[in-house]
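In case you want the letters, here they are:
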Amino acid sequence: MGRAPTGRPTSFDIAYLAGVSQPTVSRALRGDRSVSEQTRQKIERIARDLNYTVDKNASSLRSQRTNTIALLFFEDGADENVINPFFLAMLGSITRACANHGLDLLISFQRMEDDWHTQYQDAKRADGLILLGYGDYASYTARIEQLVSQGTHFARWGSVRSDTSGGTVGSDNLGAGRLVGEHLLGLGRRRIAFLGHADEHYPEFAHRYDGLCEAMREAGVEPDPALQFDALTNEDAGYRAASRLIASRREFDAVFAASDLIAIGAVRALAGASRKIPDDVAVVGFDNIPTASLTTPPLTTIQQDLAGAGERLVETLLAQIEGSEPPEPRLPTKLIVRASTVAP
């Protein structure tokens, strides 16, 4: 409950009168929407009655908090100058989540070899980091382990199933792969190819493939490993992977691409080989980027929870900073059915 008010009003006085903790008062007065509207209004009314004003500089000095977090983008494919459009779409939800919690946001494009801890948390520029994109996960994990050992506060988007840091938020990739498999099997497709790396270097892709294979086996259809072709997240990689698939002369009636960019490249290769979509080959992507609805035909894809992702990343980071229990790290996905699998 706190202490009874004495002398010049403080946040502890407000906490006492409101019947809440002092950290709740601090969150409410900085506009953090994790505090209920009713509680926030009560705290603000008491603060007005006491003529209490927040000294932001003093508050930051006492808490050693900057109330700023840094969002770091990394190259996520062959071209280090291109940011994955899925991460760009996530930017809006992260920005809104920061505003809801009364936080400022720094945004930076980083190289994997840079010392992010020193640049931001040690330099008191930010209270913690949100990391988007990582390329080869096997190389990336060493950097994550370094952040943990340094005590850096961070949250990252990636594979929850492969995480050992406790700071990862991600989609249910296994469940999403099952959704795709069940959809294609329901359409009578049995020879389903997968375009995307399916190993420990790209665990999100691997779990999507695992989900597809689980759905196929449950339906009594054995996946053909010869129909899996590696591809990074860009259109050219998708085109090359689909071209190799076509050149292999193996029979296939569906393609599940690990990302929409890979799928868009695959559609181009299939069109060049006179394969009709979806009559000859059904195609499914992943991410539901804006371009997915504009392809010919429009692309069936998996939609990830962008709005939930931004809020969950910020909440996970704040839980580390404040030493509280983190939220559920895994987010659900949804299948968006368009004409690339079902003829209009």
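Check the entry above for the structure.
Residues numbered from 1 in each chain as written. Predicted model: local features only at pLDDT ≥ 70, side-chain atom pairs only at ≥ 80, totals over all residues. Heavy atoms only, no water.

A look at the overall build of the chain
Thought 1: Summing up its helical and strand segments, the chain has twelve helices and twelve strands in all.
Thought 2: Residue burial in the chain is summarised as follows: out of 344 residues, 50% are buried.
Thought 3: A separation of at least 24 residues holds for 72% of the contacts in the chain among residues at least 6 apart in sequence.
Thought 4: When the accessible surface of the chain is split by element, carbon and sulfur atoms take 48% of a total near 15,800 Å². (Helix = DSSP H or I, 4+ residues; strand = E, 2+ residues; numbered from the N terminus. Buried < 20%, exposed > 50% of the residue type's maximum accessible area, 1.4 Å probe, protein only. Contact = heavy atoms within 4.5 Å. Areas by Shrake-Rupley, 256 points an atom, 1.4 Å probe, with all protein chains shown as cover.)

Details of helix H1 (residues 11–18)
Thought 1: Residues of H1 that are buried: Ser11, Asp13, Ile14, Ala15 and Ala18.
Thought 2: Note on H1: the residue one or two positions beyond its end, Gly19, has a positive phi of about 75°.

So, helix H11 (residues 260–272)
Thought 1: Here H11 is 13 residues long and its end C-alpha atoms lie 18 Å apart, about the 18 Å a rise of 1.5 Å per residue gives.
Thought 2: Among the 13 residues in H11, ten count as buried, and that is most of the element.
Thought 3: If you check which residues of H11 are buried, you get Asp260, Leu261, Ile262, Ala263, Ile264, Gly265, Ala266, Val267, Ala269 and Leu270.
Thought 4: Ser274, located one to two residues past H11, shows a positive phi value of around 60°. (Expected span 1.5 Å × (residues − 1).)

What to know about the pattern of salt bridges
Two side chains carrying opposite charge are able to pair once their charged atoms lie near each other.
Thought 1: Counted by the stated rule, this structure contains eleven salt bridges.
Thought 2: Arg40 is paired through a salt bridge with Glu37; the nearest N and O atoms lie 2.5 Å apart. Of this pair, Arg40 and Glu37 both sit in helix H3 (residues 37–49), separated by three residues, roughly a single helical turn.
Thought 3: Taking relative accessible area as the criterion, Glu37 reaches 44% and is therefore assigned partly exposed. (Salt bridge = Lys/Arg side-chain N within 4 Å of Asp/Glu carboxyl O.)

Section: the packing of H1 against H3
Thought 1: It is at 10 Å that the axes of H1 and H3 come closest, and there the two elements cross at 125°. Taken together, H1 and H3 sit at an angle that is classed as oblique. With respect to the hand of their crossing, H1 and H3 are arranged in right-handed fashion. Where H1 approaches H3, its residues Ile14, Leu17 and Ala18 are matched on the opposing element by Lys42, Ile43, Ile46 and Ala47.
Thought 2: For the contact of H1 with H3, a count of residues per class yields six nonpolar, no polar and one charged. (Axes fitted to C-alpha atoms, helices over the stretch in contact; angles between N-to-C directions. Parallel < 35°, antiparallel > 145°, perpendicular 65-115°, else oblique. Left-handed = near helix turned anticlockwise from the far one by under 90°. Nonpolar A, V, L, I, M, F, W, Y, C, P; charged D, E, K, R; others polar.)

Some words on the nonpolar core
Thought 1: Grouped together as the largest cluster of nonpolar side chains are 70 residues, with contacts concentrated most on Leu132 and Trp157.
Thought 2: At eight residues, the largest contribution of residues to this core is made by H11.
Thought 3: Not counting residues up to four positions away in its chain, the partners in contact with Leu132 are Leu71, Leu72, Phe73, Phe74, Phe87, Met90, Ile94, Trp157 and Leu313.
Thought 4: With 13 residues, the next largest nonpolar core counts Ala126, Leu129, Leu131 and Tyr134 among its residues. (Core = buried A, V, L, I, M, F, W, Y, C linked by side-chain atoms within 4.5 Å.)

Some thoughts on the sheet that holds strand S3 (residues 128–132)
Thought 1: Read across the sheet, six strands follow the order S2-S1-S3-S4-S5-S11 without closing on themselves; strand pairing throughout is parallel. The open sheet terminates on both sides in strands that have one partner only, identified here as strand S2 (104–110) and strand S11 (330–331).
Thought 2: Pairing between S3 and strand S4 (residues 154–157): three bridges, direction parallel. Note that in S4 the partner of Ile130 across the bridge is Ala155.
Thought 3: Relative to the sheet, helix H5 (residues 85–100) contacts strand S1 (68–74), S2, S3 and S4, its axis offset from that of S1 by approximately 175°. (Pairing = 2+ DSSP bridges.)

Remarks on the packing of aromatic side chains
The geometry of an aromatic ring pair comes down to the distance between the two centres and the angle between the two planes.
Thought 1: In the structure shown here, the tally under the stated rule is five aromatic pairs.
Thought 2: With a centroid separation of 6.0 Å and 50° between ring planes, the pair formed by Phe86 and Trp157 is classed as tilted. Here the residue Phe86 occupies a position in helix H5, and Trp157 occupies one in strand S4, the gap between them amounting to 71 residues.
Thought 3: Note on Phe86: relative accessible area 4%, which makes it buried.
Thought 4: Ring geometry for Tyr202 and Phe205: centres 6.3 Å apart, planes at 25°, overall stacked. With respect to burial, Tyr202 and Phe205 carry one shared label: buried. (Phe/Tyr/Trp six-rings, centres within 6.5 Å; stacked < 30°, edge-to-face > 60°.)

With respect to the sheet that holds strand S9 (residues 282–284)
Neighbouring strands of a sheet are bound in pairs by backbone hydrogen bonds; such pairs are parallel or else antiparallel.
Thought 1: What the four strands build is an open sheet, ordered S7-S6-S8-S9; its pairing is parallel. Both edges of this open sheet fall to strand S7 (228–229) and S9, since each of them pairs with a single strand only.
Thought 2: Pairing of strand S6 (residues 192–195) with S7, which is carried by two bridges, proceeds in the parallel orientation. Considered in S7, the bridge of Phe194 is made with Gln228.
Thought 3: Here helix H9 (residues 203–218) sits on the sheet and contacts S6, S7 and strand S8 (254–257); the angle it forms with S6, its principal contact strand, is near 170°.
Thought 4: On the sheet, H11 packs against S6, S8 and S9 and is oriented at approximately 160° with respect to S9.

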